[in-house]
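Next come the chains, spelled out residue by residue.
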Amino acid sequence: MEEFVASIENFEVQTKDAERVQRETLEKILEENEETEYLKRFGLNGRRDEETFRKCVPLASHQEFQPYIQRIADGDSSPILAAKPFTTLSLSSGTTGGKPKLLPFNDALCRSYTQQRTTALAYAVREFSVEEGMFIMFLHVASRHKAKGGADVAPITSNLFHQMLSQSSSRQKSTRKIRSCSPMEVATAGDYQQALYCHFLCGLLYSDQVQYLQAIFCHHMVQAFRTFESIWEELCADLREGVLSERVSDPIVRASVSKLIKPSPELADAIYRKCKVLQSKNWSGLIPELWPQAKYASANLTGSMEPYVGKLRHYAGDRLALVSWIYSASEGAIGINTRLRTRVESVAYAVVPGNGYFEFIPLKRRVVECDALLNSRGEELMYVESEPVRLTEVIVGELYEVVISNLAGLYRYRLGDVVKVSGFYNSTPELQFVRRKGVLLNIINDKTTESDLQLAMERASKLFLEEEKVDIVDFTSYGDLSTEPGYYVIFWELSEVPSREILQKCCNCLDQSFVDGAYVNSRKNGSIGALELRIVGRGTFTKVFEHYQSLGSTISQFKTPRCITSSNTVVLKILDDNVSARFFSSAYA
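My aim in this report is to walk through the structure given alongside it, one point at a time. Computed from a prediction, not measured in an experiment: that's the story for all the values here.

## With respect to the layout of surface pockets
Roughly 1,200 Å³ of internal volume is contained in the second largest pocket. In terms of lining residues, the second largest pocket is bounded by 41 residues, among which Arg-226, Lys-311, Asp-471, Ile-472 and Val-473 are the most central. For the lining of the second largest pocket, the secondary structure elements donating two or more residues are α10 (192-205), α11 (218-241), α15 (309-316), α16 (450-465), β19 (472-480) and α19 (540-550). Sorting elements by how many residues they give to the lining of the second largest pocket places α11 first, with seven residues. Looking at the lining of the second largest pocket, its residues break down into 15 nonpolar, 13 polar and 13 charged.

## Quick look at the sheet that holds strand β22 (residues 579-584)
The sheet built from four strands is open, its strands ordered β19-β20-β21-β22 with mixed pairing. Strands with a single pairing partner mark the edges of an open sheet, and in this sheet they are β19 and β22. Strand after strand, the sheet turns through a mean of 20° between neighbouring axes, direction not considered. On top of the sheet, helix α20 (residues 569-577) reaches β19, β20 (487-494), β21 (532-536) and β22; it is set at about 90° to β22, its chief contact.

## Overview of a negative patch on the surface
A contiguous patch of negative charge on the surface is contributed by Glu-27, Glu-31, Glu-32, Asp-49 and Glu-51. No other element matches the three residues that helix α2 (residues 18-33) contributes to the negative patch. When you line up the elements, Glu-27 lands in helix α2.

## Looking at the environment of Ala-297
Along the chain, the position of Ala-297 falls in strand β8 (residues 296-300). As a C-alpha pair, Ala-297 and Phe-135 span 162 residues in sequence and 9.7 Å in three-dimensional space.

## Quick word on the sheet that holds strand β7 (residues 210-217)
Taken in spatial order, the five strands line up as β6-β3-β7-β8-β9 in an open sheet, and their pairing is parallel. Two strands in the sheet have a free side with no partner beyond their single neighbour: β6 (178-180) and β9 (321-323). The sheet shows a mean angle of 25° between the axes of neighbouring strands, direction not considered.

## Concerning the pairing of β7
Taking burial as the measure, the eight residues of β7 include seven buried ones, the bulk of the element. Where strand β3 (residues 133-137) and β7 come together, four bridges link them in parallel fashion. Its bridge partner being in β7, Phe-135 is matched across the sheet by Tyr-212. The pairing of β7 with β8 spans four bridges and is classified as parallel. Among the inter-strand pairings, Tyr-212 is bridged to a residue of β8, identified as Tyr-296.

## Thoughts on unusual backbone geometry
Most peptide bonds take the trans form, and the phi angle of most residues other than glycine is negative. With an omega dihedral of 0°, the bond running from Glu-484 to Pro-485 counts as a cis peptide bond. Unusually for a residue other than glycine, Asn-45 sits at a positive phi of about 50°. Note that Asn-45 resides in the loop between α3 (37-40) and α4 (50-56).

## Considering the state of the cysteines
Overall, the coordinates contain zero disulfides when judged by the stated rule. Unpaired in terms of disulfides, Cys-236 finds its nearest cysteine sulfur in Cys-275, a separation of 5.2 Å. Judged by its relative accessible area of 0%, Cys-275 is buried.

## Brief notes about the side chain of Asn-355
Relative to the helices and strands, Asn-355 is located in the loop between β12 (349-351) and β13 (357-365). Judged by relative accessible area, Asn-355 falls into the buried class, the value being 6%. In this structure the side chain of Asn-355 is engaged in a polar contact, spanning 3.1 Å, whose partner is the backbone oxygen of Ala-333. Leaving out residues up to four positions away in the same chain, Asn-355 has contacts with Ser-112, Gln-116, Ala-333 and Leu-407.

## Concerning the pattern of salt bridges
Counting across every chain of the model gives 30 salt bridges. Here Glu-359 and Arg-54 are joined by a salt bridge, their closest N and O atoms 2.8 Å apart. Placement of Glu-359 in strand β13 and of Arg-54 in helix α4 is noted, with a sequence separation of 305 residues between them. The pair Glu-359 / Arg-54 is uniform in exposure class, with both members buried. Here Arg-71 ties to Asp-76 by a salt bridge, and the two come within 3.0 Å at their closest N and O atoms. On the accessibility criterion, Arg-71 (30% relative accessible area) is partly exposed. Connected through shared salt-bridge partners, Glu-532, Arg-534, Asp-576 and Arg-582 make up one network.

## Some points on helix α6 (residues 107-128)
Along its 22 residues, α6 runs 31 Å from first to last C-alpha, staying within 8% of the 32 Å computed at 1.5 Å per residue. Taken from the residues just after α6, Ser-129 is the one with a positive phi, measuring 55°.

## Quick word on the pairing of strand β5 (residues 152-155)
Residues in a regular strand point their side chains to alternate faces of the sheet. Here two bridges tie strand β4 (residues 145-146) to β5, and the two strands are oriented antiparallel to one another. When the bridges of β5 are listed, Lys-146 appears paired with Asp-152. Hairpin connection from β4 to β5: five residues lie between these consecutive antiparallel strands, with Gly-150 at a positive phi of about 105°.

## Some points on the packing of aromatic side chains
For any pair of aromatic rings, the description rests on two quantities: the centre-to-centre distance and the angle between the ring planes. According to the stated counting rule, one finds 27 aromatic pairs in the structure shown. Centre to centre, the rings of Tyr-488 and Phe-514 are 5.4 Å apart; their planes meet at 85°, and the pair counts as edge-to-face. With Tyr-488 in strand β20 and Phe-514 in the loop between α17 (500-513) and α18 (517-525), this pair connects stretches of sequence that are 26 residues apart. Considered together, Tyr-488 and Phe-514 belong to a single accessibility category, that of buried residues. Clustering of aromatic rings is evident, with ring pairs tying together Phe-138, Phe-200, Phe-225, Phe-228, Trp-232, Tyr-272, Trp-283, Trp-291 and Tyr-315. Just above the ring of Phe-475 sits the side chain of Arg-562; from NZ or CZ to the centre is 4.1 Å.

## Let's talk about the packing of helix α1 (residues 2-16) against α2
Each pair of packed helices can be described by the angle between their axes along with the distance between the axes. Their axes nearest at 5 Å, the elements α1 and α2 cross at an angle of 95°. Between α1 and α2, the angle is such that the two are roughly perpendicular. Listed contacts from α2 to Val-13, Gln-14, Thr-15 and Lys-16 of α1 are Ala-18, Arg-20 and Val-21.

## Some thoughts on the environment of Arg-341
Position of Arg-341 relative to the elements: it lies in the loop between β11 (332-336) and β12. For the pair Arg-341 and Tyr-212, spaced 129 residues apart in sequence, the C-alpha to C-alpha distance is 14 Å. What Arg-341 contacts, discounting residues up to four positions off in sequence, is Glu-127 and Phe-128.

How each quantity is defined
- Residues numbered from 1 in each chain as written.
- Predicted model: local features only at pLDDT ≥ 70, side-chain atom pairs only at ≥ 80, totals over all residues.
- Heavy atoms only, no water.
- 1 Å grid on protein atoms, 1.4 Å probe; cavity = no way out; pocket = protein on both sides within 12 Å on 5 of 7 lines; lining within 4 Å.
- Points joined across faces, edges and corners; volume = space filled by probe spheres on them.
- Helix = DSSP H or I, 4+ residues; strand = E, 2+ residues; numbered from the N terminus.
- Nonpolar A, V, L, I, M, F, W, Y, C, P; charged D, E, K, R; others polar.
- Pairing = 2+ DSSP bridges.
- Axes fitted to C-alpha atoms, helices over the stretch in contact; angles between N-to-C directions.
- Contact = heavy atoms within 4.5 Å.
- Patch = residues over 30% accessible without salt bridge, like charges linked within 9 Å, V, L, I, M, F, W, Y side chains within 5 Å.
- Areas by Shrake-Rupley, 256 points an atom, 1.4 Å probe, with all protein chains shown as cover.
- Salt bridge = Lys/Arg side-chain N within 4 Å of Asp/Glu carboxyl O.
- Lys, Arg positive; Asp, Glu negative; His and termini not counted.
- Charge placed at Lys NZ, Arg CZ, Asp CG, Glu CD.
- Buried < 20%, exposed > 50% of the residue type's maximum accessible area, 1.4 Å probe, protein only.
- Disulfide = S-S within 2.5 Å.
- Polar contact = N/O pair within 3.5 Å; in protein donor to acceptor, adjacent residues only side chain to side chain.
- Expected span 1.5 Å × (residues − 1).
- Phe/Tyr/Trp six-rings, centres within 6.5 Å; stacked < 30°, edge-to-face > 60°.
- Lys NZ or Arg CZ within 6 Å of the ring centre and 35° of its normal.
- Parallel < 35°, antiparallel > 145°, perpendicular 65-115°, else oblique.

Nothing here speaks to function; it is all geometry.
Written out as structure tokens, the structure reads:
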């Protein structure tokens with residue numbers, strides 16, 4: 001546990017003098033990379049101070065970096081973005097044009113992620129008094145593929161895992177008394193469903209020792225327990241007989257898990273009895289019932305993950321803490337949650353000052369007089385940007401877009417995340433994730449954000465689906481401009497299909513929930529058509545994931561896109577091919 005103590009002490013030192021750490025971090029980044037092609041364009045001439053850097057180097061999005069990254073992927077080993085050649089590239093969880101973005105990855109960036117996770121875990125260990133035992137990690141590591149130039153390419157979580165394996169873990173083994181229930185081979189299984197089955201089997205095998213459960217995103221943990229509902233009897237049979245199911249065909253995985261299991265009829269019978277009771281209660285309180293020693297379940301619960309929190313709470317019951325522990329992106333490890341018992345809607349992450357050089361673009365709402373451009377709060381949905389401020393210059397209560405200069409060749413990179421400053425931890429700001437920057441749906445002059453879409457889903461579900469005990473398994477949207485007038489399309493995958501009457505009410509409710517003034521006026525005058533709700537069959541969003549998986553994404557990192565663009569014809573076809581029912585809103589008839 002010395003490692004955890006040291007991590008918290010280091011974090012305290014950094015955050016107590018965030019301004020100095022930021023200055024030193026930038027100096028280090030520039031010292032190592034000042035001779036790169038990208039930076040030499042801007043005439044820094046050896047200067048490494050903040051003022052010169054911010055004056056000379058422009059803000060940039062992924063679009064500006066993409067040509068440089070592509071050259072690296074194609075085999076150019078010259079100092080383009082960083083002094084040392086890149087041997088690894090990451091695939092982001094976000095997409096550009098329906099494809100994951102390529103981003104540079106190196107040892108320095110890896111160390112920052114590792115330290116972030118160690119520090120976050122240290123706070124959890126301290127908060128929940130977890131000193132030894134086991135944990136269940138719903139992790140699936142995608143295999144790497146080679147870029148044209150020979151660099152390894154994989155999602156960031158996979159790159160971190162492979163990097164960890166390539167380094168000696170002897171120090172961790174000697175200091176950590178908390179270990180995963182599953183063997184390492186399970187996480188690297190080629191097939192996610194086989195890996196998930198083994199994660200559960202190993203987790204049940206050590207059910208009396210599990211201290212916490214963890215996934216990258218809330219969605220993945222919810223998806224895992226939905227799967228558990230259909231495989232629990234088979235898991236019990238494996239425990240009873242001590243023989244691994246034939247569904248696990250990967251020979252490496254079979255060998256590693258088979259070493260652990262032995263006939264355990266008493267354990268199998270106990271779990272079977274519990275599951276029969278849980279099944280009668282629609283699996284409410286599943287986690288604490290099967291893992292009574294578990295203190296918490298952790299995953300990313302904020303932003304686009306919020307729609308799944310209710311279902312995770314259903315599985316977790318009232319006494320198990322739900323923890324959103326870190327804020328990170330493929331571009332960098334940003335912050336950690338030090339107040340772990342905070343309710344999800346109030347979670348904030350303290351920025352780690354040494355993990356990159358951070359700036360923040362202030363976003364001021366522009367109040368206008370034209371009713372057509374107002375939302376229900378009398379404010380326009382778009383924002384006016386002003387000059388970026390430094391990490392320690394942000395103001396509590398204000399909204400900002402995050403800008404990062406990282407340890408792997410991205411400089412003044414616009415992350416696209418909109419955050420709100422909720423306070424300070426020592427001298428570093430605490431950030432609440434608000435949304436991804438940019439409008440999801442836009443037909444004419446309407447501006448519907450991810451937050452607006454999420455609120456509409458929640459309202460329709462609460463009013464019409466909760467009483468029917470129907471869950472929205474997943475959803476996405478599409479702005480159909482192929483007809484005149486254009487209109488919103490919402491795709492729903494449901495746990496059960498209620499009556500057409502209920503679904504029509506849901507459709508009308510969704511349409512009425514978009515309160516942007518431009519949308520309402522356009523619906524009233526007919527310049528935006530009636531919203532369409534399309535119900536898709538069970539497993540449709542699994543097919544969507546499988547498509548993204550073929551492009552290099554992995555379940556541990558995948559986030560369902562909340563809006564499908566017209567250029568993403570493959571995903572649109574998957575959705576449309578699985579539509580079982582359509583409803584058009586009559587809310588403005």
